[in-house]
Every structure is written in C-alpha cells, then in structure tokens.
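One-letter residues, chain by chain:
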Amino acid sequence: MSTLHHSTSLLILDLSKVSFCDAGGLAVLVGIQRRARSMGITMALTARRPFMSRLLRITGLGRGLPVVA
C-alpha cells in the first residue's frame, strides 16, 4: 500500500538527502503529484537543495510543486 493511501490532505516530500535528479526523477515527482491530486491530496516539497531549486525553476516545475519550510 502506498503512502498516498495513508495521507489525509497533505503529503510532504523531504528532499534533503537528494544529491542528484534527472528527467526520470522529475517524472516521478510529477507522477506522485498527479496521483495525489486525483485523491484530493496536496503534495509539497521541503528541504530542497539549491540545485533542486534551480532544476525545478529551469524546467518550470517549481510553479506547480509548492514548497514548505
């Protein structure tokens, strides 16, 4: 059973240990967000490293993936 089935209204993904992310990793984030949204769950990112912030900004994904402190 996935984490989404245990979430109520907010799923926060901690990215503090992510040291690399390519197109496949971004696709996973988008897929999780779409599935969460279809279940009425908001997904947010936390503890992004500077390279992740740049990557999300450059690809335009930063507009659709909210960040929490």
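Residues numbered from 1 in each chain as written. Predicted model: local features only at pLDDT ≥ 70, side-chain atom pairs only at ≥ 80, totals over all residues. Heavy atoms only, no water.

### Details of helix H1 (residues 23-38)
Here comes step 1: Under the 1.5 Å per step criterion, the end-to-end length of H1 is 22 Å for 16 residues, consistent within 8% with the ideal 22 Å.
Here comes step 2: Within the sequence span of H1, burial applies to Leu-26, Leu-29, Val-30, Gln-33 and Ala-36. The buried side chains of H1 occupy one side of the element, clustering within an arc of 130 degrees when seen end-on. Across H1 from its buried face, at more than 90 degrees, point the exposed residues Ala-23, Arg-34 and Ser-38.
Here comes step 3: Buried residues along H1 sit in contact with strand E1 (10-14), strand E2 (42-46) and helix H2 (50-59).
Here comes step 4: Where H1 begins, one side-chain oxygen reaches toward the backbone nitrogen of Gly-24, 3.0 Å away; that side chain belongs to Asp-22.
Here comes step 5: Of the residues one or two after H1, Gly-40 is the one with positive phi, at around 80 degrees. (Helix = DSSP H or I, 4+ residues; strand = E, 2+ residues; numbered from the N terminus. Expected span 1.5 Å × (residues − 1). Buried < 20%, exposed > 50% of the residue type's maximum accessible area, 1.4 Å probe, protein only. Arc of directions from axis to C-beta. Contact = heavy atoms within 4.5 Å. Polar contact = N/O pair within 3.5 Å; in protein donor to acceptor, adjacent residues only side chain to side chain.)

Interpretation in functional terms is not warranted from these geometric data alone.
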